[in-house]
Amino acid sequence: MAKQLRELNFEFKAETPKDFPAGFLHYGVVGSGDMEVIIEKKAMSGAVKFKVVTPVTGFDEVWRRVLERFVNETGISNASLEINDCNATPVVVSLRLRQALAEIG
Amino acid sequence: MDNLIGQGRAAIGMIVDPDSFKEGVVGDLNITDPEFGPGAVIGTAMLKGETCTVIANDAMTVNPKFPVVYAGIIGMEEGYKMALAVYNSIKADKDRPLGKKRPILLIVDTPGNGPGKQEEIFGMNKATGAYQLALAEARKEGHPIVAMVVGRAISGAFLCHGLQADHILSLSAEFSTQIHVMPITSISRITKLDIEWLQELAKSNPVFAAGPNFFFKLGGVEEIIDSIEAMRDRIVAHVAQVRVLKLAGKNDELGPWGRGTLGVERGGRKTRAKVIEVMNEEFAAVADRYLK
Amino acid sequence: MSNKWDTLQSQSFLECNARQRAVGLVDAGTFTEFIGPKDRMSSPHLPLMGEAIEFDDGIVTGVGLIGKRPVFVASQEGRFIGGAVGEVHGAKLVNIVRIARESYDKMLAANPKLPEGKRPAVVISFDTGGVRLHEANAGLLAHAELMDQFQDCKGKVPVISVIGSRVGCFGGMGFVAAATDVIIMSPLGRLGLTGPEVIEQEMGKDEFDASDRGMVYRTTGGKHKYIMGDCNVLVADSIEAFRKALGEVLAKPYADLAAMRRIGSLEKVQYQLKLVDLCVKIAPKDSKDVWKYAGNKNPDALVDMPLDLFLKTAERLKIA
């Protein structure tokens, strides 16, 4: 069987938006069960868009929920996020995204 | 003869001038101990009347001191023996002009480097590295180095004995020549991808597949030769071509770097060139800050 | 863990990722990355096989300063597919070495009397098992290119290996490291050609039991390589310890560094052949047999000995 990397795309708007305060940020290592993310400032009328590249199938809805909650809880807005995933669990995804944001502070 | 696998010694005779091969002798070097690195055959022969160094694998022998060395495997002693042949070629031609340095002919039929505990304790990595550095030095000193794959050219052993040559020639796949890191069956097992699908993928992307044709497309082999009889003349022709480029100072068109360019021309290895181009640009933008 | 230079210095080298090592090994605030994540130059081949990609393809390349020396750095990420070398990864590694040598040529052409302390150097932080299977042919060809570039560096640009990461330095990268001028390791660093699992698979458990961690470290680990002379400098497992050792090494004249090589000349090969004869004579079943021959009366005591004491106690192998 052909096995291909998959690309998932999402867009969310935080309930109480806060502008992403940096221009460009990279965080993480694509180890097994881990991921990396690039966060870039982007004028998106307050929205945040995600591009997730992952070998995993069947968890699109889980990704949606994890990323949406991240956006609402942090209030991140006007940003583009690109994730390279290697089978990270939802817990790891949430943790890495929050660690990435903490790097700015 | 269907193929030359295991026939490194016979292949020497098919390529060099009749009865001209003197085993064990290269310049000042004279190895007489038959038990010293027997998996490697080194010596001097004439190639169309010109003195040349020959380095080949002998798959029909075992190294009595190192049980992991058999069937053409390059062990520690073999690696250093091959390096001795190269350094003594350089030494012998030290005072000869660029166009007169003796060619070095590598006849390649090797399945691997010695995989043993003693080898790791004493450092097999040094032996294979030593031979490669010797070849790179000889190439840059002006010796034309041509590798002729007559059988197996597998992974690290091909790096050791073959991939430092100026030009690499291979008998075509009909002669059961093997050039690869790992056969597609093993890649299939490890990546859990169907063999049929991998074979299909290989048609458009030679980057992982096994065989001389894929290496040709990647620029990893200069020419594929489809008859045993043609080897001698093609080797002589490549020695001449290599010499012309060396005399013109075009060393970047030869050896591993030259094969990078060839990979772009043949369409099999394009990303490498892009990476190099972008890195050079990014460095140029900050070079003044670092180079003072 | 943060990438800030000050914070990194006290960190375990083993635990640091490739970028942290690259940033922390040169002077504070001097590292500039090339083909970083921003360029998004990931492997074009892995997606076809359903394998995860990384923006930097598992290697950080760039330039920094150590004192006044421009130091060109490559740092491999073992956590990404075992730090394996594919087409992009390989091209980054090869070209950073080439840029260092081209810089040397330009600088020396402009000023033949340029002091050694201002001349380019290369540092490679290995964390790799060698060729990446998914793009094996391109990875293989990159190894040959590296050896070619090293030969061009000879007599000009010192190339230093640092090995102390989780994967170690194996496969083709094992001989690439052996071909550099100076090797700095921590006791946790491992260096070899054929990994223990491969030896066990090919030669059987009697030859090498890969589950015997003690044996694995004694055969390929930093302490053993130091006794053998295959590692020149043995340091503690911290970024600072590696950085300081690197600074001390690069403060030496080039001729001294070239003398620290194991291979790369007829004389060095002749010396190595004496070691091969010694191997036949001792026929070691365990590295400890060689440690004993080197003059260590109680080799067992060296295994878990703290580094400071080990460096004072251990006798290194010397043969006439």
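Definitions and cut-offs
- Residues numbered from 1 in each chain as written.
- Chains lettered and ligands numbered in written order.
- Predicted model: local features only at pLDDT ≥ 70, side-chain atom pairs only at ≥ 80, totals over all residues.
- Helix = DSSP H or I, 4+ residues; strand = E, 2+ residues; numbered from the N terminus.
- Contact = placed C-beta atoms within 7 Å.
- Expected span 1.5 Å × (residues − 1).
- Buried ≥ 20, exposed ≤ 12 C-beta atoms within 10 Å, placed from the backbone.
- Nonpolar A, V, L, I, M, F, W, Y, C, P; charged D, E, K, R; others polar.
- Pairing = 2+ DSSP bridges.
- Axes fitted to C-alpha atoms, helices over the stretch in contact; angles between N-to-C directions.
- pLDDT = per-residue confidence, 0-100.

Novice: Lay out the environment of Gly-64 of chain C with the relevant residues and their values.
Specialist: All names here are of chain C. By secondary structure assignment, the location of Gly-64 is in strand β2 (residues 59–66). Placed 210 residues apart in sequence, Gly-64 and Lys-274 show a C-alpha to C-alpha distance of 40 Å. Ignoring anything within four residues of it in the chain, the contact list for Gly-64 reads Val-26, Asp-27, Thr-30, Phe-31, Val-71 and Val-73.

Novice: I'd like a rundown of helix α4 (residues 136–153) of chain C, residues and numbers included.
Specialist: Residues and elements named next belong to chain C. The terminal C-alpha atoms of α4, which comprises 18 residues, lie 26 Å apart, in line with the 26 Å expected from a rise of 1.5 Å per residue. Counting buried positions along α4 yields 18 of 18 residues, so the element is predominantly enclosed. Positive backbone phi, approximately 80 degrees, marks Gly-155, located one or two places after α4.

Novice: Which residues make up the interface of chain B and chain C, and what values go with them?
Specialist: With 67 residues of chain B at the interface, the matching set in chain C holds 70 residues. Counting residues per element, the ones that place at least two in the side of chain B that touches chain C are α2 (76–92), α3 (117–122), α4 (124–141), α5 (155–160), α6 (184–191), α8 (212–217), α10 (255–265) and α11 (271–290) of chain B. Partitioning the side of chain B that touches chain C into residue classes produces 37 nonpolar, 18 polar and twelve charged.

Novice: Describe in detail the environment of Lys-13 of chain A, supporting the description with residues and values.
Specialist: All names here are of chain A. If you trace the backbone, Lys-13 turns up in strand β1 (residues 6–13). Lys-13 gets classed as partly exposed once you count the C-beta atoms within 10 Å, which come to 14. In sequence terms Lys-13 and Ser-45 are 32 residues apart; their C-alpha atoms lie 9.0 Å from each other. Ignoring sequence-local partners within four residues, the contact set of Lys-13 consists of Gly-46 and Ala-47.

Novice: Before we move on, can you summarise helix α2 (residues 18–25) of chain C with the specific residues and values?
Specialist: Each α-helix turn comprises 3.6 residues. Residues three or four places apart therefore point the same way. Of all eight residues making up α2 of chain C, eight are buried, and the element is well covered by its neighbours. Those residues of α2 of chain C that are buried are in contact with α1 (5–9), β2, β3 (69–76), β4 (121–126), β5 (159–163) and α9 (239–250) of chain C.

Novice: Explain the sheet that holds strand β7 (residues 79–86) of chain A to me, and be specific about the residues and the numbers.
Specialist: All names here are of chain A. Sheet architecture is open: five strands sit in the order β1-β5-β7-β4-β3, paired in mixed fashion. Both edges of this open sheet fall to β1 and β3 (24–28), since each of them pairs with a single strand only. Strand after strand, the sheet turns through a mean of 15 degrees between neighbouring axes, direction not considered. With respect to the sheet, helix α1 (residues 60–74) is in contact with β1 and β5 (47–54), its orientation differing from that of β1 by roughly 35 degrees.

Novice: Break down the confidence of the model for chain A for me, with residues and values.
Specialist: Overall, the prediction assigns chain A a mean pLDDT of 94, with 97% of residues at 70 or greater. Of all secondary-structure elements in chain A, the lowest mean pLDDT belongs to strand β2 (residues 18–19) of chain A, at 85, while β7 of chain A reaches the highest, 98.

Novice: I'd like a rundown of the sheet that holds β2 of chain C, residues and numbers included.
Specialist: Strand pairing in a sheet is mediated by backbone hydrogen bonds. Such pairs are either parallel or antiparallel. An order of β1-β2-β3-β4-β5-β6-β7 (chain C) is seen for the seven strands of this open sheet, with the pairing classed as mixed. Both edges of this open sheet fall to β1 (32–34) and β7 (233–234) of chain C, since each of them pairs with a single strand only. Examined bridge by bridge, β5 of chain C and strand β6 (residues 182–185) of chain C share four bridges and lie parallel to one another. Bridge assignment links Ser-161 of chain C to a residue of β6 of chain C, and that residue is Ile-183 of chain C. Across the sheet, α11 of chain B is in contact with β1, β2 and β3 of chain C; its angle to β1 of chain C comes to roughly 160 degrees. Across the sheet, α9 of chain C is in contact with β2, β3, β4, β5, β6 and β7 of chain C; its angle to β6 of chain C comes to roughly 160 degrees.

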